[in-house]
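Residues per chain, in single letters:
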Amino acid sequence: MRPGTSKRRVLLAFPRYEPSFGTFEYAYPIMGVKAFMPPQGLLVIAAALPSDWEVRFVDENIRTVRNADFRWADVVFVSGMHIQRAKINDLIARAHAHGKTVVLGGPSVSACPEYYPHADYLHIGELGDATEELIASLALSVARPSKQVMFRTRERRDLSAFPLPAYELCKLDQYFMGSLQFSSGCPYDCEFCDIPALYGRNPRLKTPAQIIAELEKMRACGLRHAVYFVDDNFIGNRRAVLGLLPVIAQWQRANGYPITFACEATLNIAKRPEILSAMRDAKFETIFCGIETPEPEALKAIAKTHNMTVPMYEAVETMNRYGMEVVSGIILGLDSDTPETGDAVMNFVERSNIPVLTINLLQALPRTRLWDRLAREGRLVEDDARESNVVFRLPYERVMESWRRCVARAYEPEALFQRFAHQLDATYARRLNPPRNVTWREVRYGMGVLARLLVIAATSSYRGAFWRFAWPLLKKGDVERVIAVGMVAHHLIVFARAAVAGQENASFYSRKLRWPVESAQAA
């Protein structure tokens, strides 16, 4: 603390993720980036701090927090998800080793404050009155309190009053894609999902003007080409989405279509062709759908019957017709699984022709109905050597073997490139293809990416499958498609082989550590 002033130096530290199917680590060297998406929560908090406070942001997915960063700071803010729990606690310990006060916020501590007994201040919930109380307390003193202090949000700040995230603190060109939030909350109540408990079932919204302002700021701060809407369910409020999409489309036309978009939505978006059409006009190209399982009885058991309002394959084909590539979330280890479930999943993969699927083992998250039920049944297990915290109905090793077989088959190179080849006509050819403003800098970057991809592909064990897919496109000059498919396929093939060999986790939510925590001795 600096005597005689309430100005503070705040270090915002974000812990490293474990690798996963959905974060494309193995594609980073090809793309020349270092991390997946910037953490929205910390950047929003940074923008909400008093304007005369100095703020420094370090994402440990890009570089380690150094001793010099800790020495500079008066107080350290940390945020993260359950999967980052060990590394959150490591950051707390490293900050304390330098005598610094630690404030912890974000989704993990908001769900489970008891996971973090050593943080000095806990910020529970979203931006709101707790944030103001925390700032007022730190303005008075940044000395470590004698015991842990908890600030709990009672009144959330309207999303329409959120500040623009402080993108200027990070280099967006070091991220695989940008992130954007339009709404918070989801109207559904799936058994395994913690969103209703954390953020509510009545989606709260930003204004279209806010979204455009964020896009403008991201571009000014180095964003290259892709943005992911991190909404829990992009169509949670369908009327609001129909109001937003034409505004984005108008911005795209005015700026030469510089951005492509992706989002998460429930499968029943296929019932709303007017939304899909407006998304196509705004240059949305990918929709992540939590399909979870192709088995109807299993969907009923996990309260995801909205996935059955349209026949599953018909829903995928409908989205494809509007130029939307579907990315699917699949869960193995559900109570309804049988020894034949793995075969049913693979039949779905092959028939749907979905190229990218995140195939995860079931994890029970705190503050979900699944967690409460399994706790009552004595079926939760705390063992970081396991890939799941659930005692399955089927034997654990049988579920693991089913998962390994599905991953190996889904990402066998020939099969994967065949599914991508199906997308060429079924999906990619149906996308909006307007004239774009392309700068020489973008051309030079793209050629560098292509060169790195071709070197890797030419020396890989899957080079035959790659060239059978890529060569016809290269002859037509479709370099952009070769890059987009090639770098994703490379990640999926390499990650899948490592996962099957036991070198990567079987779930995004697994606490099993593959990468060690950082050393407290970073220079």
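Here, the structure is the one placed above.
Residues numbered from 1 in each chain as written. Predicted model: local features only at pLDDT ≥ 70, side-chain atom pairs only at ≥ 80, totals over all residues. Heavy atoms only, no water.

J.: An account of the overall build of the chain is needed here, citing residue identities and associated values.
T.: Each helix and strand counted, the chain has 19 helices and 14 strands in total. Against the compact-globule benchmark of 24 Å for 523 residues, the chain has a radius of gyration of 23 Å, which places it among compact chains. Along the three orthogonal principal directions, the C-alpha set of the chain runs to about 70 × 60 × 50 Å. Of all 523 residues assigned to the chain, the portion counted as buried reaches 56%. Of all intrachain contacts in the chain linking residues separated by at least 6 positions in sequence, the fraction that spans at least 24 positions is 78%. Carbon and sulfur atoms form 53% of the exposed surface of the chain, whose accessible area is close to 21,300 Å². Here the chain carries 65 positive and 57 negative side-chain charges, and the mean point of each set is 4 Å from the other. (Helix = DSSP H or I, 4+ residues; strand = E, 2+ residues; numbered from the N terminus. Rg over C-alpha atoms; globule rule 2.2 N^0.38 Å. Buried < 20%, exposed > 50% of the residue type's maximum accessible area, 1.4 Å probe, protein only. Contact = heavy atoms within 4.5 Å. Areas by Shrake-Rupley, 256 points an atom, 1.4 Å probe, with all protein chains shown as cover. Lys, Arg positive; Asp, Glu negative; His and termini not counted. Charge placed at Lys NZ, Arg CZ, Asp CG, Glu CD.)

J.: Explain the nonpolar core residue by residue, including any values.
T.: If you look at the biggest cluster of nonpolar residues, it comprises 148 residues, and the most contacted ones within it are F77, F176, F229, M279, F284 and I287. Ranked by the residues each element gives to this core, the list is headed by helix α19 (residues 479–500), at 11 residues. If sequence neighbours within four positions are ignored, F284 has contacts with F229, F234, L245, F261, A262, C263, M279, G323 and M324. (Core = buried A, V, L, I, M, F, W, Y, C linked by side-chain atoms within 4.5 Å.)

J.: An account of empty space enclosed by the protein is requested, with residue identities and associated values reported.
T.: The gaps left among the atoms become clear once a water-sized probe is rolled over them. Counted by the stated rule, this structure contains two cavities of 30 Å³ or more. Taken as a whole, the second largest cavity holds about 50 Å³ of empty space. Lining the second largest cavity are 13 residues, and of these L172, Y175, F176, R224 and H225 sit closest to its centre. Tallied by class, residues from the lining of the second largest cavity come to nine nonpolar, two polar and two charged. (1 Å grid on protein atoms, 1.4 Å probe; cavity = no way out; pocket = protein on both sides within 12 Å on 5 of 7 lines; lining within 4 Å. Points joined across faces, edges and corners; volume = space filled by probe spheres on them. Nonpolar A, V, L, I, M, F, W, Y, C, P; charged D, E, K, R; others polar.)

J.: So, the environment of S20: which residues are in play, and what are the values?
T.: If you trace the backbone, S20 turns up in the loop between β1 (9–14) and α1 (28–31). On the accessibility criterion, S20 (6% relative accessible area) is buried. Separated by 476 residues in sequence, S20 and A496 place their C-alpha atoms 9.7 Å apart. At a separation of 3.0 Å, a polar atom in the side chain of S20 contacts the side chain of T23. (Polar contact = N/O pair within 3.5 Å; in protein donor to acceptor, adjacent residues only side chain to side chain.)

J.: Just give me the short version of the pattern of salt bridges, but keep the residues and values in it.
T.: One pass over the structure, following the stated rule, counts 33 salt bridges. Close ionic contact of D90 with R94 constitutes a salt bridge, the shortest N to O distance being 3.1 Å. One end of the pair, D90, and the other, R94, are both in helix α4 (residues 85–97), four residues apart, so they sit about a helical turn from each other. Here the two residues D90 and R94 agree in accessibility, since each one is buried. Of the charged contacts, one joins R154 and E133 as a salt bridge, the two residues approaching to 2.7 Å between their closest N and O atoms. Within this pair, whereas R154 is found in the loop between β6 (149–152) and β7 (178–180), its partner E133 is found in helix α6 (residues 129–140), the two being separated by 21 residues in sequence. Judged by its relative accessible area of 59%, R154 is exposed. Judged by relative accessible area, E133 falls into the partly exposed class, the value being 29%. (Salt bridge = Lys/Arg side-chain N within 4 Å of Asp/Glu carboxyl O.)

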